[in-house]
2 protein chains.
Amino acid sequence: SSSETMASDYSSTPVKISTINPKVLECEYAVRGEIVTLAQKLQQHLDKNPGSHPFDEIVYCNIGNPQSLGQQPITFFREVLALCDHPAILDKSETQGLFSTDSIERAFQILDQIPGRATGAYSHSQGIKGLRDTIAAGIEARDGFPSDPNDIFLTDGASPAVHMMMQLLIRSENDGILCPIPQYPLYSASIALHGGTLVPYFLDEATGWGLRISELQNQLDAARSKGIDVRALVVINPGNPTGQVLSEGNQKEIVHFCKKENLVLLADEVYQENIYVSDKQFHSFKKVARSLGFGETDLSLVSFQSVSKGYYGECGKRGGYMEITGFSPEIRDQIYKVASVNLCSNISGQILASLVMSPPKVGDESYESYFAEKDAILSSLARRAKTLEDALNGLEGVTCNRAEGAMYLFPRIELPKKAIEAAKAVDTAPDAFYARLLLNATGIVVVPGSGFGQVPGTWHFRCTILPQEEKIPAIVNRLTEFHQGFMDEYR
Amino acid sequence: SSSETMASDYSSTPVKISTINPKVLECEYAVRGEIVTLAQKLQQHLDKNPGSHPFDEIVYCNIGNPQSLGQQPITFFREVLALCDHPAILDKSETQGLFSTDSIERAFQILDQIPGRATGAYSHSQGIKGLRDTIAAGIEARDGFPSDPNDIFLTDGASPAVHMMMQLLIRSENDGILCPIPQYPLYSASIALHGGTLVPYFLDEATGWGLRISELQNQLDAARSKGIDVRALVVINPGNPTGQVLSEGNQKEIVHFCKKENLVLLADEVYQENIYVSDKQFHSFKKVARSLGFGETDLSLVSFQSVSKGYYGECGKRGGYMEITGFSPEIRDQIYKVASVNLCSNISGQILASLVMSPPKVGDESYESYFAEKDAILSSLARRAKTLEDALNGLEGVTCNRAEGAMYLFPRIELPKKAIEAAKAVDTAPDAFYARLLLNATGIVVVPGSGFGQVPGTWHFRCTILPQEEKIPAIVNRLTEFHQGFMDEYR
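Residues numbered from 1 in each chain as written. Chains lettered and ligands numbered in written order. Predicted model: local features only at pLDDT ≥ 70, side-chain atom pairs only at ≥ 80, totals over all residues. Heavy atoms only, no water.

**Section: the side chain of Lys-286 of chain B**
All names here are of chain B.
Right, on to step 1. As for its placement among the helices and strands, Lys-286 is situated in helix α11 (residues 285-291).
Right, on to step 2. Taking relative accessible area as the criterion, Lys-286 reaches 3% and is therefore assigned buried.
Right, on to step 3. Once residues lying within four places of it in the same chain are set aside, the contact partners of Lys-286 are Ile-139, Asp-143, Pro-146, Ser-147, Leu-301, Glu-323 and Thr-325. (Helix = DSSP H or I, 4+ residues; strand = E, 2+ residues; numbered from the N terminus. Buried < 20%, exposed > 50% of the residue type's maximum accessible area, 1.4 Å probe, protein only. Contact = heavy atoms within 4.5 Å.)

Next comes the structure, spelled out in structure tokens:
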């Protein structure tokens, strides 16, 4: 077996590191990188040797994966999915006792939208038309502006949709994509895999990770002066890893900027349901653009949405969509063709995407339990965000902007000179050094800021707000104790 | 809405056909190409104007999508999926009345294999370990040789797995991949998207789409003499679109050839359960290689499997895996990294992949009904294949090899000169011309041979064997009548 042959001689096999696609080599994805591999090894060791570490479980704060940390799925959504998976039980009397009336109704509705009621068939390459109708209606209800089901491409989560757009836009390393720094490393990875150039723009930590148009302009101009053809601007709102929520005014400036500079606006809006502060609200870029009077042919805009985030957190279902507007029919045909090569996204994910954009409504049998589940999750997330933010700000040398939205905190650590030297001595980035010691001491897994990008000379880490609420005090204690010890050693 | 703006002026939007990635432009995927777009338009017209065409339904024989044509899913598989989607009902008394005992047991087993029983969480990037254990055990039972769960990468169907390998291997147009002609156009599309060169080897129609080593050698040598670095050999067994099943002796030659020529063997084995003739059997390339004494470090082999084919035909679930053997730990790390960028494949598809590799066994409550469902599907497919093959061979100027396996017939048509001229006059490939007239006259959708590749000057089409059995006589009649009329007109 291969695990036994780790030290085996592969010299006669054809594929070497020196002969693979260099774009693959270059790509990095820290969210599941070195620190997570180390955590998995610790986990195995801990399972076999309980009590051998100063903690009894690994707390995975590296990734926005709510259900892995105990968040329960929304009952209504799962009822509908189960019924669509096994429609043979829909007419059975026992089903009435097991499932809510409206979940049964919804399953019938969905099945009626699927040609031949075949949930096991490949669908239209963009996804089942009836589900896209539902999603478009949900977008319309959210924004107050029309949405066309033909603009929706259902995908296995948002990631494949991002790859599709990068694949379309990037011809060579002379094509650039403006990305926030810090950014979610899907973007840097996808740009690297498609052989393009990431053109960074820095979010301003001092103003709550503010997005300044002057910074966009400077970076765009600098890239263009180097001969880079900048094709698109990525905006992540609410921010990942930074948690800020853009103001509508700021979004308007961004839309004008894209229009003026002839850039495609790639809007990562997967955290649209994750807002934790009363002074901020989510506005889709499509709504902002339409409210400015920009119509279909005025702005090229792609909005990415996912079933993995929000209050639903259904990461394992791999559902999502992109809504593409402002692309000519010829370009849309090309996107359709690329979608067709992979046939379609998974039908359960498609169904779930329609459900999150059209949840139970007031008066539906499930509405109260649905709302209670949703509210409990979102209000708990808001409390956890605040508790962790306060705790981090209480640590020596740590400052942390508030998580207005999304699922993360991205604190900055002033690392002492001695710590930076100790990191260098073991050939490690200082933030990775901190994250590794934190993991070894507490079992808490965070991702070093270098995995997302940061202003050179500053150090950060990303920590999710997702551990269950009752565990947060212990996590705060372990983190605080570790940090004090760390500072005592390296101050 | 964008459909209303088809004639709108997109001249001020940034993305033009002339500025997109030329690899996207170049890629083609005929299985969902022009003929299918035409069929969808006909469908819409027919729905609105019943009786307006000489047929009352479109019969989609363009794609291996069994459930879209009425094939029912295997009950046991769907029971388990439904229970895993909504585990809250597992302990309810009504559930006993709705689900088989062993589906409930299996759901419990699977949930126990998922950390935190969280079917809504991202899994390990390769897929849930326990499910990979089950799949590895299934491979071992199939082959009689060990399989390592660490060699399994679960994917959203086989297509993304093929893309991952192409992405790994292709650096530039100087890298070549040996592909059969005719081939399933996923391969040509994927090679085009990754910017490599398809090195064709022709299957020999006269010997039942035979794969001759001399042809492989000639094409390999010719490509190398042009400076192409040939990295891998794709073999599709059972064949798509050609339906042949390789003999074990032929497979041994292929393994030796890959070893001798230092090629990765990419084995598309998604039709491994679809064998319709008693004189042929499926042998995995891994089994053949191991039986020759080739161990882990002797041959780089990737086997692709899917839940979309076989007797299960669960295309919409997007489940599949690749088993990679003969790659060094460093290369495996790179594959793992690329898998991680998309986080994981959908969990329902992962569960289904484990189920198809470990279906109910003799003695299980569901075994008899499971076996009856499976046997009914496979024996009916075998009858349909034979009926269609005979019908095609009865047509003037048509010869058709038997479908020993897979889901397709790929008949050759001797088109009369007059037909070829008529096709030229409308700037269409002669086989596409034939397919279009067939569709317009009968509603039957087939894919022109040019979408798969064929010996220049020969013409074919691919037709699935999937319409429900009771419809086959009518299809044969319509096809026969059309063909006679076509020949009468153009002979």
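Moving on, there is more to tell.
**Here we look at the packing of aromatic side chains**
All names here are of chain A.
Right, on to step 1. In this structure the tally under the stated criterion is 37 aromatic pairs over all chains.
Right, on to step 2. Relative to Tyr-311, the ring of Phe-77 has its centre 6.5 Å away and its plane inclined at 35°; by these criteria the two rings are tilted. Residue Phe-77 is located in helix α3 (residues 75-85), and its partner Tyr-311 is located in the loop between β7 (301-306) and β8 (320-325); the two are separated by 234 residues in the primary sequence.
Right, on to step 3. Using a relative accessible area of 0% as the deciding quantity, one classes Phe-77 as buried.
Right, on to step 4. By relative accessible area, Tyr-311 is classed as buried at 0%.
Right, on to step 5. Ring centres of Phe-410 and Phe-452 lie 5.6 Å apart, and the angle between their planes is 85°; this geometry places the pair in the edge-to-face category. Residue Phe-410 is located in the loop between β10 (408-409) and β11 (412-413), and its partner Phe-452 is located in the loop between β13 (447-448) and β14 (459-464); the two are separated by 42 residues in the primary sequence. (Phe/Tyr/Trp six-rings, centres within 6.5 Å; stacked < 30°, edge-to-face > 60°.)

**A short note on the packing of helix α2 (residues 34-48) of chain B against helix α16 (residues 430-442) of chain B**
Residues and elements named next belong to chain B.
Right, on to step 1. Viewed as axis vectors pointing N to C, α2 and α16 meet at an angle of 15°, and their least axial separation amounts to 11 Å. Considered as vectors, α2 and α16 are oriented roughly parallel to each other. Where α2 crosses over α16, the handedness of that crossing is right-handed. Here Glu-34, Ile-35, Leu-38, Ala-39 and Leu-42 of α2 come into contact with α16, specifically with Ala-435, Arg-436, Leu-439 and Asn-440. (Axes fitted to C-alpha atoms, helices over the stretch in contact; angles between N-to-C directions. Parallel < 35°, antiparallel > 145°, perpendicular 65-115°, else oblique. Left-handed = near helix turned anticlockwise from the far one by under 90°.)

**Section: helix α14 (residues 367-393) of chain A**
All names here are of chain A.
Right, on to step 1. Taking 1.5 Å of rise per residue, 27 residues should cover 39 Å, and α14 covers 38 Å from first to last C-alpha, within 8% of that figure.
Right, on to step 2. Those residues of α14 lying buried are Tyr-370, Lys-374, Ile-377, Leu-378, Ser-380, Leu-381, Arg-384, Ala-385, Leu-388, Glu-389, Ala-391 and Leu-392.
Right, on to step 3. Where the residues of α14 are buried, they touch α3, β9 (398-399), β10, β14 and α17 (472-490). (Expected span 1.5 Å × (residues − 1).)

**Quick look at the pairing of strand β7 (residues 301-306) of chain B**
All names here are of chain B.
Right, on to step 1. For β7, the buried fraction is high: six of the six residues fall into the buried class.
Right, on to step 2. Both faces of β7 are covered, namely the face carrying Leu-301, Ser-303 and Gln-305 and the face carrying Val-302, Phe-304 and Ser-306.
Right, on to step 3. Note: strand β6 (residues 264-268) against β7, four bridges, orientation parallel. Paired with Leu-265 across the two strands is Leu-301, which belongs to β7.
Right, on to step 4. In this sheet, strand β8 (residues 320-325) lies alongside β7 in antiparallel orientation, the contact comprising six bridges. In the strand pairing of β8, Phe-304 is matched with Met-322. (Pairing = 2+ DSSP bridges.)

**Observations concerning α16 of chain B**
Residues and elements named next belong to chain B.
Right, on to step 1. Taking 1.5 Å as the rise per residue, α16 with 13 residues should run 18 Å; its terminal C-alpha atoms sit 18 Å apart, in good agreement.
Right, on to step 2. Looking at α16, one finds that the buried residues are Pro-430, Asp-431, Ala-432, Phe-433, Tyr-434, Ala-435, Leu-438, Leu-439 and Thr-442.
Right, on to step 3. Note on α16: the residue one or two positions beyond its end, Gly-443, has a positive phi of about 80°.

**Regarding the sheet that holds β7 of chain B**
Residues and elements named next belong to chain B.
Right, on to step 1. Spatially, seven strands are ordered β2-β8-β7-β6-β5-β3-β4 in an open sheet, and the strand pairing comes out mixed. Here the strands that pair on one side only, and so sit at the sheet edges, are β2 (152-155) and β4 (197-202). Between one strand axis and the next, the sheet turns by 20° as a mean value, whatever way the strands run.
Right, on to step 2. Set on the sheet, helix α9 (residues 213-225) makes contact with β3 (175-181), β4 and β5 (229-236); between it and β4 the angle comes to about 150°.

**Structural notes on the environment of Lys-280 of chain B**
Residue and element names in this part refer to chain B.
Right, on to step 1. Counting through the fold element by element, Lys-280 comes out in the loop between β6 and α11.
Right, on to step 2. Take Lys-280: its relative accessible area is 23%, and that puts it in the partly exposed class.
Right, on to step 3. Apart from the residues lying within four places of it in its own chain, the contact partners of Lys-280 are Val-245, Ile-275, Arg-402 and Glu-404.
Right, on to step 4. Side chain to side chain, Lys-280 and Glu-404 meet in a polar contact 2.9 Å long. (Polar contact = N/O pair within 3.5 Å; in protein donor to acceptor, adjacent residues only side chain to side chain.)

**A few points about the UniProt feature "domain: Aminotransferase class I/classII large" (unreviewed entry) in chain A**
Right, on to step 1. UniProt records the feature "domain: Aminotransferase class I/classII large" (unreviewed entry) at residues 116-478 of chain A, using the numbering of this structure.
Right, on to step 2. Spanning residues 116-478 of chain A, this segment combines 41% helix with 16% strand, and its end C-alpha atoms are found 56 Å apart. (UniProt positions renumbered as here; feature names shortened; annotations may be inferred.)

**Comments concerning the interface of chain B and chain A**
Right, on to step 1. Counting residues at the interface gives 108 residues for chain B, matched by 108 residues for chain A.
Right, on to step 2. For the pair chain B and chain A, the summed buried surface comes to about 8,700 Å²; carbon and sulfur atoms form 57% of the total.
Right, on to step 3. If you sort the residues of chain B by the area they bury against chain A, Arg-32, Leu-98 and Tyr-122 of chain B come out on top, with a joint share of 9%.
Right, on to step 4. For the pair chain B and chain A, the interface holds two salt bridges.
Right, on to step 5. Among the ionic pairs, Asp-85 of chain A bridges to Lys-317 of chain B, the shortest N-O distance being 2.4 Å.
Right, on to step 6. Between chain B and chain A we count 42 residue pairs in polar contact (both at pLDDT 80 or more) in total.
Right, on to step 7. Contributions of two or more residues to the side of chain B that touches chain A are made by α1 (22-26), α3 (75-85), α4 (93-98), α7 (158-169), α8 (185-193), α12 (329-341) and α13 (347-356) of chain B.
Right, on to step 8. Considering only residue class, the side of chain B that touches chain A consists of 42 nonpolar, 42 polar and 24 charged. (Buried area = accessible area lost by both parts, 1.4 Å probe. Salt bridge = Lys/Arg side-chain N within 4 Å of Asp/Glu carboxyl O. Nonpolar A, V, L, I, M, F, W, Y, C, P; charged D, E, K, R; others polar.)

**What to know about the relation of the copies chain B and chain A**
Right, on to step 1. Mapping chain B onto chain A is achieved by rotating through 180° and translating by 0.0 Å along the same axis, at an RMSD of 0.0 Å. The relationship between the two copies is best expressed as a two-fold rotation axis. Rotation axis and chain B: the residue whose C-alpha lies nearest the axis is Ala-82 of chain B, separated from it by 2.1 Å.
Right, on to step 2. When you check the interface residues of chain B against chain A, 100% turn up at the interface there too, and the contact is symmetric in its surfaces. (Least-squares fit on C-alpha atoms with pLDDT ≥ 70 in both.)

**Comments concerning the sheet that holds strand β5 (residues 229-236) of chain A**
All names here are of chain A.
Right, on to step 1. Judged by pairing direction, the sheet is mixed, and its seven strands sit side by side in the order β2-β8-β7-β6-β5-β3-β4 without closing on themselves. Only two strands of the sheet have a single partner each, and these edge strands are β2 (152-155) and β4 (197-202). Between one strand axis and the next, the sheet turns through 20° on average, direction left out of account.
Right, on to step 2. Contacting β3 (175-181), β5 and β6 (264-268), helix α10 (residues 248-261) crosses the sheet at an angle of about 165° to β5.

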